[in-house]
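Descriptive structure summary
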Amino acid sequence: MRGVTPHDTTVREAKVNMEQVQRWQGEFGDRYEARQGTTQSSVQARCDLLGGALDLVSDDLRDGLVVELGSGRGDNLVALEWLWGMSGVAVDVRRPPSHSRAAVHWLQASAGAVPLRTECADLVLSMGLLIHVRPDMRPPVLAEMLRIVRPGGHISVFEYFAPETRPVPYRGHGDMLWLADYGALLQQAAAGRVDLEPVDWGHAYKAMGDCDDLAWWVFTRGGGI
Ligand SMILES: C[S@@+](CC[C@H](N)C(=O)[O-])C[C@H]1O[C@@H](n2cnc3c(N)ncnc32)[C@H](O)[C@@H]1O
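On a predicted model such as this, the values are computed, not experimentally measured, just so you know.

What counts as what
Residues numbered from 1 in each chain as written. Predicted model: local features only at pLDDT ≥ 70, side-chain atom pairs only at ≥ 80, totals over all residues. Helix = DSSP H or I, 4+ residues; strand = E, 2+ residues; numbered from the N terminus. Rg over C-alpha atoms; globule rule 2.2 N^0.38 Å. Buried ≥ 20, exposed ≤ 12 C-beta atoms within 10 Å, placed from the backbone. Pairing = 2+ DSSP bridges. Near = placed C-beta within 6 Å. Nonpolar A, V, L, I, M, F, W, Y, C, P; charged D, E, K, R; others polar. Right-handed = clockwise from strand over helix to strand, strands pointing away. Axes fitted to C-alpha atoms, helices over the stretch in contact; angles between N-to-C directions. Parallel < 35°, antiparallel > 145°, perpendicular 65-115°, else oblique. Left-handed = near helix turned anticlockwise from the far one by under 90°. Contact = placed C-beta atoms within 7 Å. pLDDT = per-residue confidence, 0-100.

1. Quick notes on the overall build of the chain
Counting secondary structure elements, the chain contains eight helices and nine strands. Here the C-alpha atoms of the chain give a radius of gyration of 16 Å, agreeing with the 17 Å that 2.2 N^0.38 yields for 225 residues. Seen through its C-alpha atoms, the chain measures out along the principal axes to roughly 45 × 40 × 35 Å. Among the 225 residues that make up the chain, the fraction classed as buried is 36%.

2. A closer look at the pairing of strand E2 (residues 87–92)
With respect to burial, E2 is a largely interior element, six of its six residues being buried. Of the two faces of E2, the one holding Ser87, Val89 and Val91 and the one holding Gly88, Ala90 and Asp92 are both buried throughout. Pairing of strand E1 (residues 65–69) with E2, which is carried by five bridges, proceeds in the parallel orientation. The residue of E2 that forms the bridge with Glu68 is Ala90.

3. Re the site of the ligand
As a structural note, the neighbourhood of the ligand is formed by 20 residues, with Trp24, Gly70, Gly72, Ala111 and Gly128 the closest of them. For the shell around the ligand, the secondary structure elements donating two or more residues are helix H6 (75–84) and E2. Grouping the amino acids of the shell around the ligand by side-chain chemistry returns eight nonpolar, nine polar and three charged.

4. Side note on the pairing of E1
A large share of E1 lies buried, amounting to five of its five residues. Along E1, one buried face is formed by Leu65, Val67 and Leu69 and the opposite face, lined by Val66 and Glu68, is buried too. As a crossover connection, the stretch from E1 through H6 into E2 is right-handed. Here E1 pairs with strand E4 (residues 121–127) via four bridges, running parallel. Across the sheet, Glu68 pairs through a bridge with Leu125, a residue of E4.

5. Comments concerning the packing of helix H4 (residues 40–53) against H6
One way to put it is that H4 packs onto H6 with a least axis distance of 8 Å and a crossing angle of 70 degrees. The angle between the axes of H4 and H6 places the two elements in the roughly perpendicular class. Crossing of H4 over H6 shows right-handed handedness. On the side of H4, the interface is formed by Ser42, Val43, Arg46, Cys47, Leu50 and Gly51, while H6 contributes Asp75, Asn76, Val78, Ala79, Leu80, Trp82 and Leu83. Of the residues assigned to the contact of H4 with H6, the class counts are eight nonpolar, three polar and two charged.

6. Some remarks on the confidence of the model for the chain
Per-residue pLDDT for the chain averages 91, and the proportion of residues at 70 or more is 92%. Counted against residues more than four places away or in other chains, residues 10–14, with its pLDDT under 50, gives four contacts.

7. Remarks on the environment of Ala189
Following the sequence through the fold, Ala189 ends up in helix H8 (residues 182–190). A sequence separation of 44 residues divides Ala189 from Met145, and the C-alpha atoms of the two residues are 10.0 Å apart. Apart from residues lying up to four places away in sequence, Ala189 is in contact with Pro139, Leu142, Ala143 and Leu146.

Have a look at this one:
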């Protein structure tokens, strides 16, 4: 698959938070996966969410390559294939799920050290990943998002929002979920290094559809800086 070539991550791998990774790889992650269920209607709900949010850039995405960091069961990648024929690369610290879709290329890796070449993706996606990255571990993850996207490509982020970073207890843990303004944090990470323009943003309302309450942003990477 285009763009899926090895990339040396040995040095940056040291920055991974092993405690969090081990939780996702163990019972905590198994329970999370067991709560999810891929059905025709759950993928259709992802199509509605992604189709609406990415509408303004959809012409750029057709038949392109999407890399999702923290992809879970890969439902977003299936939705993006349905929507625009995109090829999907799923990056997750967990092993690929047993239902593993043939159309998705699975990489078991940390979002802070992604084994893909620089500027390979037409779209880099995070949905419910950044909220689970400990704030001091965020910089390598944001840097990887900015590294992987091609000039003219897009980054889209769907996460729980708060204007300032705030931990929220999650499934018995006080150090597994942080609300924040992830759009602003990505822009700060890009400042002076990568030309990143906000294209669209919004809020998905749980009360109005089959989705979580998520703030979302779509950015375009320019060719400058
Ligand atoms: C809340 S789930 C979201 C799954 C998917 N994005 C979705 O929308 O259904 C978070 C996923 O991120 C993965 N994850 C957590 N920390 C990660 C990291 N540092 N690098 C890569 N994946 C990670 C977990 O294993 C889990 O599958």
